[in-house]
Amino acid sequence: NNIGIVVLLLSMESETSETSSSSSIGRHDPIEVKGNKIKYEGTAFFRQRIMMSLVSGRPCVFIKIRHTRTDPGLREHEVKFLRLVDMLTDGTKISINDSGTRVSIHPGSIVNGRKLKFDCGGARSIGYYLEHLLYVCPFGKHPLHITFTGLTESDTDPSVDIIRTVMLPLMQKFGVEDTIELKIKKRGCPGVGDKPAGVGEVEFQCPAVRKLNPLRQFEPGKVKRIRGNVYTTGVSAAIGARVVDGARGVLNNFIPDVYIYSNHYKTDRTAVRAPGYGVSLVADTTQGFLISAQANGEARKDPEQLGVTCAHLLLEEILRGGCVDTQSQSLAFAFMALNSHDVSKIRIGVLSQFSVQFLRDLKTFFGVTFKLVQDSNTKALYASCTGVGYNNIAKKIT
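Residues numbered from 1 in each chain as written. Predicted model: local features only at pLDDT ≥ 70, side-chain atom pairs only at ≥ 80, totals over all residues. Heavy atoms only, no water.

S.K.: Summarise the nonpolar core; cite the residues concerned and give the values.
M.R.: Counting 79 residues, the largest nonpolar core has Phe148, Phe204, Phe333 and Phe370 as its most contacted members. Ranked by residues supplied to this core, first place goes to helix α7 (residues 329–338) with eight residues. The contact partners of Phe333, leaving out residues within four places of it in the chain, are Ile348, Leu351, Ser355, Phe358, Leu359, Leu362, Phe370 and Ala383. Listed in part, the 24 residues of the second largest apolar core include Val243, Val250, Tyr277 and Leu306. (Core = buried A, V, L, I, M, F, W, Y, C linked by side-chain atoms within 4.5 Å. Buried < 20%, exposed > 50% of the residue type's maximum accessible area, 1.4 Å probe, protein only. Helix = DSSP H or I, 4+ residues; strand = E, 2+ residues; numbered from the N terminus. Contact = heavy atoms within 4.5 Å.)

Here's what the structure looks like:
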């Protein structure tokens, strides 16, 4: 038997080193679990813990938020995320102290709504808010239809193209079907120099479901085609063609069926758009799984090199051998934990440090423990768990 049990990463201390950098990912266990309430120090993994609090109904407290810095407290994008939570729920109580260093959340019921509008601002992109919204929006009382405005592209958050082409189809495999859709109306790129950031617009709608279905996928299959999307806004359309040439120069050595769409957004007098361009690539397998990679253009960087870089990132994701890519691991884990009282199993390739902490938080909030098994030949991980049997009792039965 070439398959051996992996020492559970959930209990490994060797990967829990923390640094003073705010972007470091170390182990951040709750400092106190008293009754149903969970207390954390700092805002590490802030969004996922709030969303788990909403679904589980367990109150959550964050203390000592950047309390040693000259500018302590919550940042603009974190406050906006709390406003989004308040918009989509009913009865949720959110308390923030005067200095912003302490936040307490007593979750209410998820109601969603129609024709909602939310301004994401310019601190973080739309993907920052939408990525973790996917965990909870299927469990609302009503379907969700919301329009986001803000940045559609970012180097630190998932692109709206990746969410539309990869994460939404993954949700459908768990039973979230019907009217789930993401429409990109406008592109918004970060500001460069004295030019202001663009204002993008995205429409997202998701149905409410009663419960999720288990997923059992052991093999991702072979890559049968690669599709991509290159966007250009405020720059020459020829730059998009150069990005396509760079990506195809790499991918055509891997597979002949490669098609990359080029979308050019012209700047008009009424729109405020910063110049920018980027590319997202998606590999479709014979088992129906989607593996993705994304990259955004930078100043004084050849467009061809951007296409080459994104193509190499995609090939690295394919080499890991998972049924889901690195960005979608946490979404798959969340739905596996929340589905019916049945076993779900999936091959995930290489487990990221972010996913390790996500599994720990799932155990804290829901008591779900994942079993991780590694293939000694391919080094791929197989993750399995028994769902908690979460039922959306707020949804009406028709």
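S.K.: So what's going on with the side chain of Asp161? Which residues, and what values?
M.R.: Among the structural elements, Asp161 can be located in helix α4 (residues 160–173). A distance of 3.5 Å separates polar atoms of two side chains, one belonging to Asp161 and the other to Asn229. Excluding anything up to four places from it in sequence, Asp161 contacts Glu153, Ile184, Arg187, Asn229 and Ser280. (Polar contact = N/O pair within 3.5 Å; in protein donor to acceptor, adjacent residues only side chain to side chain.)

S.K.: An account of the sheet that holds strand β12 (residues 200–206) is needed here, citing residue identities and associated values.
M.R.: Judged by pairing direction, the sheet is mixed, and its four strands sit side by side in the order β9-β10-β12-β11 without closing on themselves. A single partner strand is all that each edge strand has here, and the edge strands are β9 (113–119) and β11 (181–186). Neighbour-to-neighbour, the strand axes of the sheet open up by a mean angle of 15°, direction not taken into account. Bridge count between strand β10 (residues 144–150) and β12: seven bridges; the pairing is antiparallel. (Pairing = 2+ DSSP bridges. Axes fitted to C-alpha atoms, helices over the stretch in contact; angles between N-to-C directions.)

S.K.: Give me the environment of Lys185: which residues, what numbers.
M.R.: Mapped onto the elements of the fold, Lys185 is located in strand β11. Given the relative accessible area of 41%, Lys185 is considered partly exposed. In this structure, the C-alpha to C-alpha distance between Lys185 and Gly200, residues 15 residues apart in sequence, is 7.3 Å. If near-sequence neighbours (up to four positions away) are discounted, Lys185 is found in contact with Glu201 and Glu203.

S.K.: Break down the sheet that holds strand β7 (residues 103–106) for me, with residues and values.
M.R.: Spatial ordering of the open sheet is given by β2-β3-β4-β7-β6, a layout of five strands whose pairing is mixed. Two strands lie at the open edges of the sheet, namely β2 (32–34) and β6 (93–96), each paired on one side alone. The average angle at which neighbouring strand axes cross in this sheet is 10°, direction not considered. The pairing of strand β4 (residues 60–63) with β7 spans three bridges and is antiparallel. The partner of Phe62 across the bridge, within β7, is Val103. Along the sheet face, helix α1 (residues 46–56) touches β3 (37–41), β4 and β7 and points at about 155° away from the line of β4.

S.K.: An account of the packing of α4 against α7 is requested, with residue identities and associated values reported.
M.R.: One way to put it is that α4 packs onto α7 with a least axis distance of 10 Å and a crossing angle of 15°. On the basis of the axis angle, α4 is roughly parallel to α7. Between α4 and α7 lies a crossing whose hand is right-handed. Across the interface between the two elements, Met167, Leu170 and Met171 of α4 pack against Leu331, Ala332 and Phe335 of α7. Per-class residue counts for the contact of α4 with α7 are six nonpolar, no polar and no charged. (Parallel < 35°, antiparallel > 145°, perpendicular 65-115°, else oblique. Left-handed = near helix turned anticlockwise from the far one by under 90°. Nonpolar A, V, L, I, M, F, W, Y, C, P; charged D, E, K, R; others polar.)

S.K.: Before we move on, can you summarise the environment of Thr378 with the specific residues and values?
M.R.: Among the secondary structure elements, Thr378 is positioned in the loop between β19 (371–375) and β20 (381–386). Among the residues examined, Thr378 registers a relative accessible area of 41% and is labelled partly exposed. For Thr378 and Arg320, which are 58 residues apart along the polypeptide, the C-alpha to C-alpha distance reads 8.5 Å.

S.K.: An account of the side chain of Asp157 is needed here, citing residue identities and associated values.
M.R.: Tracing the backbone through its elements, the reader meets Asp157 in the loop between β10 and α4. For Asp157, the side chain forms a polar contact with the side chain of Arg124, separated by 2.6 Å. Leave out the neighbours within four places in its chain, and Asp157 touches Arg124, Ser125, Gly127, Tyr128 and Gln294.

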